[in-house]
2 protein chains.
Amino acid sequence: MDYLDCEDEVLHQDKIEEARKKMMNGDIIFDLSNLYKVFSDETRLRILNALLISELCVCDISDLLGMTHSSISHQLKVLREMKLVKAKKVGKSVYYSLKDDHIQKIIEIGVEHINEKEI
Amino acid sequence: MDYLDCEDEVLHQDKIEEARKKMMNGDIIFDLSNLYKVFSDETRLRILNALLISELCVCDISDLLGMTHSSISHQLKVLREMKLVKAKKVGKSVYYSLKDDHIQKIIEIGVEHINEKEI
DNA sequence: TAAATATATGAACAAATATTCATATATAAT
DNA sequence: ATTATATATGAATATTTGTTCATATATTTA
């Protein structure tokens, strides 16, 4: 393990200790990584973006994104499991909508970041 | 392609059109997905979290996270390429720090979301 | 009741990605 | 100059993950 190889004079024990104390705990890091993983896929982002505009059934989303029902359905399952969308069954159709407004905020800040980087 | 199989009566053409018009364009979706991909990995999140607290060299980060220099260095490269961190060389060491404060905001909103979900 | 439609899902496959290992480069110390 | 140290990086490996394909379930219609 070469993470033990640094000379003591190079390590900043004070800073390391401070960081160790103030850092978020492992569970939160784990949950956070899973949350952002949802937003890291273009298909899921497009689905969330669409639902931000309107409630839609699976057929609508498939048509809108030009992708198979299966693919969309798999991704909707991920979004459901992460509790980012809710499903409402009406007849043979299932209507999806967003579960809360953090989604909008998360996307907005991301867009803000990207726009500033372009300058 | 079974995304063409839905009956016309099931599709909501008005909603689909509205979504099509209002949705973000593909380039932004692509950039967004790449941005969130950075936050989707626990190692990178821990590095960002540490740098949020203090400027650190590679040795510090390796020691703090209990991971090899190589692994940390690879992830720092990703963070550099995404322009989320900046590097300052001093002697043999390279000191890393955050490049802007969107990082903090993105993490904060994620934490907020997770905490509310726990209720 | 049988056939058709909308959605869901398990398994297989392909593509992406994180870590390890080996090695390279740059700087400092001897 | 030579050796040691801090960091970087290419290639290989292992794991994860998105889509496709086949099939299952639920609801409606004939």
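Everything numeric in this text was worked out from a predicted model, so none of it was measured.

Trainee: Help me get a handle on the nonpolar core, residues and values and all.
Mentor: In terms of nonpolar packing, the biggest core is built from 76 residues, with A:Phe39 and B:Phe39 touching the most fellow members. Here A:Phe39 is in contact with A:Leu45, A:Leu48, A:Leu84, A:Ile103, A:Ile106, A:Ile107, B:Leu32, B:Ser33 and B:Tyr36, once residues within four sequence places are set aside.

Trainee: For a negative patch on the surface, give the residues involved together with the corresponding values.
Mentor: A contiguous patch of negative charge, built from A:Asp101, B:Glu108, B:Glu112 and B:Glu116, is present on the exposed surface. Tracing the sequence through the fold places B:Glu116 in helix 6 (residues 102-118). Given a relative accessible area of 45%, B:Glu116 falls into the partly exposed group.

Trainee: Before we move on, could you go through the sheet that holds strand 3 (residues 93-98) of chain B and cite the residues and values that matter?
Mentor: Residues and elements named next belong to chain B. Reading across from one edge, 1-3-2 is the order of the 3 strands in this open sheet, with antiparallel pairing throughout. Edge positions in the sheet fall to strand 1 (56-57) and strand 2 (85-90), since each of these pairs with one other strand and no more. Bridging between strand 2 and strand 3 involves 6 bridges; their strand directions are antiparallel. Note on strand 3: the bridge partner recorded for Lys86 is Ser97. Each of strand 1, strand 2 and strand 3 is contacted by helix 3 (residues 42-53), which is oriented at about 90 degrees to strand 3, the strand it contacts most.

Trainee: For the packing of helix 4 (residues 58-65) of chain A against helix 5 (residues 69-81) of chain A, give the residues involved together with the corresponding values.
Mentor: Residues and elements named next belong to chain A. Interaxial distance between helix 4 and helix 5 falls to 9 Å at its minimum, and their mutual angle equals 115 degrees. It follows from the interaxial angle that helix 4 and helix 5 lie roughly perpendicular. Note that helix 4 runs across helix 5; the crossing there is right-handed. Here Val58, Cys59, Ile61, Ser62 and Leu65 of helix 4 lie close against helix 5, whose contacting residues are His69, Ile72 and Leu76. Split into classes, the residues belonging to the contact of helix 4 with helix 5 amount to 6 nonpolar, 2 polar and no charged.

Trainee: Summarise the relation of the copies chain A and chain B; cite the residues concerned and give the values.
Mentor: Taken together, a rotation about one axis and a shift along it account for how the two chain copies relate. Of the transformation superimposing chain A on chain B, the axial component is 0.0 Å and the angular component is 180 degrees, with the fit at an RMSD of 0.0 Å. The relationship between the two copies is best expressed as a two-fold rotation axis. Closest to the rotation axis within chain A is the C-alpha of A:Tyr36, separated from it by 2.8 Å. Comparing interface residues between copies, 98% of those in chain A also lie at the interface in chain B; the contact surface is shared.

Trainee: Lay out the protein's contact with DNA strand C with the relevant residues and their values.
Mentor: In the vicinity of DNA strand C, 30 residues are found, and the nearest of them are A:Ser70, A:His74, A:Tyr96, B:Thr43 and B:Ser70. The share of sugar and phosphate among atoms of DNA strand C within 4 Å of the protein is 73%. The side chain of A:His74 places a nitrogen or oxygen atom 2.8 Å from a base oxygen of DNA strand C. Measuring from a phosphate oxygen of DNA strand C, one finds a side-chain N or O atom of B:Arg44 at 3.0 Å. Looking at the surface near DNA strand C, the elements that each hand over two or more residues are helix 4, helix 5 and strand 3 (93-98) of chain A together with helix 3 and helix 5 (69-81) of chain B. For the surface near DNA strand C, the element with the highest residue contribution is helix 5 of chain A, accounting for 6 residues. Its residues placed into classes, the surface near DNA strand C shows 8 nonpolar, 12 polar and 10 charged.

Trainee: Explain the packing of helix 3 of chain B against helix 5 of chain B residue by residue, including any values.
Mentor: All names here are of chain B. Helix 5 packs onto helix 3 with a crossing angle of 75 degrees between their chain directions and a minimal axis gap of 10 Å. As the angle between them shows, helix 3 and helix 5 are arranged roughly perpendicular. Facing Thr43, Arg44, Ile47 and Leu48 of helix 3, the residues of helix 5 in contact are Ile72, Gln75, Leu76, Val78 and Leu79. Counted by class, the contact of helix 3 with helix 5 contains 6 nonpolar, 2 polar and 1 charged residues.

Trainee: Explain the protein's contact with DNA strand D to me, and be specific about the residues and the numbers.
Mentor: Near DNA strand D lie 30 residues; those nearest to it are A:Arg44, A:Ser70, B:Ser70, B:His74 and B:Tyr96. Atoms of DNA strand D within 4 Å of the protein belong to the sugar or the phosphate in 74% of instances, the rest to bases. Residue A:Ser70 places a side-chain N or O atom 2.7 Å away from a base nitrogen belonging to DNA strand D. In the environment of DNA strand D, a phosphate oxygen lies 3.4 Å from a nitrogen or oxygen atom belonging to the side chain of A:Ser71. For the surface near DNA strand D, the secondary-structure elements that each account for two or more residues are helix 3 (42-53) and helix 5 of chain A together with helix 4 (58-65), helix 5 and strand 3 of chain B. Considering every element that reaches the surface near DNA strand D, the biggest residue donor is helix 5 of chain B, with 6 residues.

About the thresholds
Residues numbered from 1 in each chain as written. Chains lettered and ligands numbered in written order. Predicted model: local features only at pLDDT ≥ 70, side-chain atom pairs only at ≥ 80, totals over all residues. Heavy atoms only, no water. Core = buried A, V, L, I, M, F, W, Y, C linked by side-chain atoms within 4.5 Å. Buried < 20%, exposed > 50% of the residue type's maximum accessible area, 1.4 Å probe, protein only. Contact = heavy atoms within 4.5 Å. Patch = residues over 30% accessible without salt bridge, like charges linked within 9 Å, V, L, I, M, F, W, Y side chains within 5 Å. Areas by Shrake-Rupley, 256 points an atom, 1.4 Å probe, with all protein chains shown as cover. Salt bridge = Lys/Arg side-chain N within 4 Å of Asp/Glu carboxyl O. Lys, Arg positive; Asp, Glu negative; His and termini not counted. Charge placed at Lys NZ, Arg CZ, Asp CG, Glu CD. Helix = DSSP H or I, 4+ residues; strand = E, 2+ residues; numbered from the N terminus. Pairing = 2+ DSSP bridges. Axes fitted to C-alpha atoms, helices over the stretch in contact; angles between N-to-C directions. Parallel < 35°, antiparallel > 145°, perpendicular 65-115°, else oblique. Left-handed = near helix turned anticlockwise from the far one by under 90°. Nonpolar A, V, L, I, M, F, W, Y, C, P; charged D, E, K, R; others polar. Least-squares fit on C-alpha atoms with pLDDT ≥ 70 in both. Near = heavy atom within 4 Å. Polar contact = N/O pair within 3.5 Å; in protein donor to acceptor, adjacent residues only side chain to side chain.

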